[in-house]
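Architecture at a glance
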Amino acid sequence: MELLQKLKKNYDEWTRITPQGLLYDSALFWLFVILLLIGLIAVTSASIPYSSRLFNDPFYFAKRDALYVCLSLATCYSMLYLPSERLERWHAKIFWVAVALLVAVLFIGTSVNGAKRWISLGILNFQPAEFAKLALTCFLASYFTRRYDEVRGRKFSAVKPFIVMGVMGMFLLVQPDMGSTVVLFVITFCMLFIVGAHFFQFVLLVATGGVLGAWLIISASYRLKRFTGFLDPFKDPYGTGFQLTNSLMAFGRGEITGEGLGNSIQKLDYLPEAHTDFIMAIIGEEFGLIGIIIVVTLLGLLIFRALKIGKESLILEQRFRGFFALGIGFWIFFQGFVNLGMALGMLPTKGLTFPLVSYGGSSIIIMSATIGILLRIDHENRLLRAGQARLRDD
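What counts and how
Residues numbered from 1 in each chain as written. Predicted model: local features only at pLDDT ≥ 70, side-chain atom pairs only at ≥ 80, totals over all residues. Heavy atoms only, no water. Phe/Tyr/Trp six-rings, centres within 6.5 Å; stacked < 30°, edge-to-face > 60°. Helix = DSSP H or I, 4+ residues; strand = E, 2+ residues; numbered from the N terminus. Buried < 20%, exposed > 50% of the residue type's maximum accessible area, 1.4 Å probe, protein only. Patch = residues over 30% accessible without salt bridge, like charges linked within 9 Å, V, L, I, M, F, W, Y side chains within 5 Å. Areas by Shrake-Rupley, 256 points an atom, 1.4 Å probe, with all protein chains shown as cover. Salt bridge = Lys/Arg side-chain N within 4 Å of Asp/Glu carboxyl O. Axes fitted to C-alpha atoms, helices over the stretch in contact; angles between N-to-C directions. Parallel < 35°, antiparallel > 145°, perpendicular 65-115°, else oblique. Left-handed = near helix turned anticlockwise from the far one by under 90°. Contact = heavy atoms within 4.5 Å. Nonpolar A, V, L, I, M, F, W, Y, C, P; charged D, E, K, R; others polar.

**Here's the deal with the packing of aromatic side chains**
Per the counting criterion, the structure on display carries 17 aromatic pairs. Ring plane angle 10 degrees and centroid distance 5.6 Å describe the contact between Tyr50 and Phe61, whose orientation is recorded as stacked. With Tyr50 in helix α2 (residues 26–55) and Phe61 in helix α3 (residues 60–79), the pair connects residues that are eleven residues apart, well separated along the chain. Under the relative-accessibility criterion, Tyr50 is labelled partly exposed at 30%.

**With respect to a nonpolar patch on the surface**
Residues Phe156, Val159, Ile163, Phe200 and Leu204 make up a contiguous nonpolar surface patch of roughly 480 Å² in combined accessible area. Among the elements of the structure, α8 (159–174) and α10 (199–219) are those that each provide at least two residues to the nonpolar patch. In this structure, Phe200 sits in helix α10. Phe200 gets classed as partly exposed once you look at its relative accessible area, which sits at 37%.

**Concerning the packing of α2 against α3**
Where α2 contacts α3, the axes come no closer than 6 Å and their chain directions differ by 155 degrees. Between α2 and α3, the interaxial angle falls into the category roughly antiparallel. Handedness of the crossing formed by α2 with α3: right-handed. Within the contact between the two elements, α2 uses Phe32, Val33, Leu36, Gly39, Leu40, Val43, Thr44, Ser47, Tyr50, Ser51 and Phe55 and α3 uses Tyr60, Phe61, Ala62, Asp65, Ala66, Val69, Ser72, Leu73 and Cys76. Of the residues contributing to the contact of α2 with α3, the split by class is 14 nonpolar, five polar and one charged.

Put into C-alpha cells, the structure is as follows:
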C-alpha cells in the first residue's frame, strides 16, 4: 500500500502543471545532462578505432565531443536569459538568417561524401540544416499565434506554412539533405494538427508528401538504392546493405545485457559512421537491450516534459510559448524515432543524429539551445502562475 502511495505521489509530481518550490524544471535539466554524458561515453567508445586510424589519436573525436558538450551547456545556459517574447519578436529575422545560411552553404560549404551541408568554422563544422529546424519551429509558433483564427477557420490554411517550409526544403534538397527536409515537413504537419486546422488538409498533406517522397526517391539513383537496400539489406551485404547489416549484427551481438563498454566489434571499421548516425547500434552492442531501453526511456521522459511545458503554456493562454514547446517536442521525438528506426532496419538510412547522443557539434549545440528555450518557457510559466496565485490570494 505504501509503495502504491509513493508511486502515485511521484506520478502526481511529474504530471502536475507547475511543481512547487523551484523556478525551473529540474527533471528536464537533469535528463538533458544525463543524455549528454551518455552520448559522450558512447561516442568515446565508438570512435576510438576510427580516430586511431585517421589521426593517430584514439581520443580525437572524444576530445572534440567533450568540447561540444561544454559549448552545449554554455548555449543552454545563455538561452535561459533570453525571454520568449524576444524570440517571438525576432521570428522573421531568425527565419531569414537560416535561409541565408542554407544558401551560403551551397557556395562556401564543405563537401563530405558528395553532400555539401557544412560550413567550416575551425573547431566546428556548422550544419545550417540544424539551425533551420529551430528557425522554422520559432517562425511557425509566431505565425500560428498571430493567425490562430485564420488557421483554424480557413480550409486551405496549411498553404502558407508549407510554402515557408518549402523554401527551406528546396535549399536542403539541393545540398542534398532529404532527411532534414522530412523533419521540417513533420514539424509543420504536427504543429498544424495542434493548432486545429481542418482535418481534410492533413489527408491532402499526407497524400502530397507521399507522392513527393516517392518521386524524390525514384528520381535519384542513390536514394533508390538506399531504399531498396533497407527493404532487404542482406541481399547485398557488401554493397547497399553494408551499413544496415553491420548495424543489425551489432544489435544481435549485444543481446540483452551487451558485450560491455569498449567491447564492440562492429566499431572496428565494420560499421561506418559508428559514432554519428549509428551510435545506437554501438550502444546496443555494448549495453544490450537494457542500454537501448534506458536511453530511449530518458529521451521519452525529456519529450514528455517538453510536451507538458507546451500544454501548460496553452492553458495559461501563452500560445507562442505553447506552440514553440510542442514543436520542439515533436522535432526531438521524430528525429530520435527515425535514427533508432534506421539503425534497427525499420526505416531507410538517413543522415539524422540521435538527439543529444550522436557525435556532431551542430546537432548537439542546437538541440541544447532548444532545451534552454524549454527551460526558459517553463520558468516564465511558473512566474506567471505564481503571479496569478498572488492575485487570487489578494
